[in-house]
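# Examination of the molecular architecture
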Amino acid sequence: MSLDKDNPLGISWHDTAWIPLLNPNNILDYFGERSNPFYDRTCNNEIIKMQRLSQDQLNNMTGLEYMLLHVQEPILYVVRKQHRHSPQQVTPLADYYIIAGVVYQAPDLGSVINSRLLNTLFNLQSAFVEAQSFSRYTPSKGYWWEFSDQEDKSEKSDSKEKKKNLAQKFPPKVVPPTQPEVKEEPVKQEPVIKQEIKQERPDDKSNTSIKPPPDKKPKLMR
């Protein structure tokens, strides 16, 4: 928790023991903790708590009170601080929003407009200061603007001219690319198979024919 009594918009408060248990039924009890710098113990809520009365009794009382204005479970609760004049007439004084158990005071419309105006004036002043840094003056030339972009462009143009001059003085040597040697592989000659056709002669056929067995001669008996 940061304490800044002059500017309540810069204050935040939380109690880690309560955060896991927060719900719409106990959020006003959490907001009414004594360590909460946003809670005024002279309010009617404190009287009702001491007398153990219900929150409905606040409508019958007059003075300072706190009420639960908006609920978006489980992370956002809005508590309003108001002054009650009658059961039907109240005057809002401040709103407090509780996000994830951390209590902040919501800024009023005047604070928002003041913050936006200060931010706009700061940006305008920074723009004028930066523009003034680019202005130049000489008695012979008068006033002119010198921006960093122009300096960069002039430096780039100078470097390009220098590169062109160097390229003209020392032209690069172009080396033709070496072509890979193509090796001719010898053509393999397939062996030629000669087929010889043997022609059979008629004599060979006669020779090859089957000869009959020799005749048996009768043996002479002595």
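Relevant structure appears above.
Residues numbered from 1 in each chain as written. Predicted model: local features only at pLDDT ≥ 70, side-chain atom pairs only at ≥ 80, totals over all residues. Heavy atoms only, no water.

### Describing the overall build of the protein
- Along the protein, the regular secondary structure elements total five helices and seven strands.
- From first element to last, N terminus to C terminus, the protein shows the α and β order β-α-α-β-β-β-β-α-β-β-α-α.
- Per-residue burial for the protein yields a buried fraction of 16% across its 222 residues.
- Taking the intrachain contacts of the protein between residues at least 6 apart in sequence as the baseline, contacts between residues at least 24 apart amount to 32%. (Helix = DSSP H or I, 4+ residues; strand = E, 2+ residues; numbered from the N terminus. Buried < 20%, exposed > 50% of the residue type's maximum accessible area, 1.4 Å probe, protein only. Contact = heavy atoms within 4.5 Å.)

### Regarding helix 2 (residues 44–51)
- Regarding helix 2, the residues found buried are Asn-44, Asn-45, Glu-46 and Ile-48.
- On its buried face, helix 2 sits against strand 2 (63–72).
- Just downstream of helix 2 lies Arg-52, where phi reads positive at about 60°.

### Description of unusual backbone geometry
- For the bond from Glu-73 to Pro-74, the omega torsion is 0°, close enough to zero to count as cis.
- Tracing the backbone shows Pro-74 in the loop between strand 2 and strand 3 (76–84).
- We note that Arg-52 has phi near 60°; this positive angle belongs to a residue other than glycine.
- Here Ala-100, not a glycine, exhibits a phi torsion of approximately 55°, which is positive.
- Looking at where Ala-100 falls in the secondary structure, it is placed in the loop between strand 4 (90–99) and strand 5 (102–105).
- Of the residues examined, Ala-100 reaches a relative accessible area of 43% and is grouped as partly exposed.

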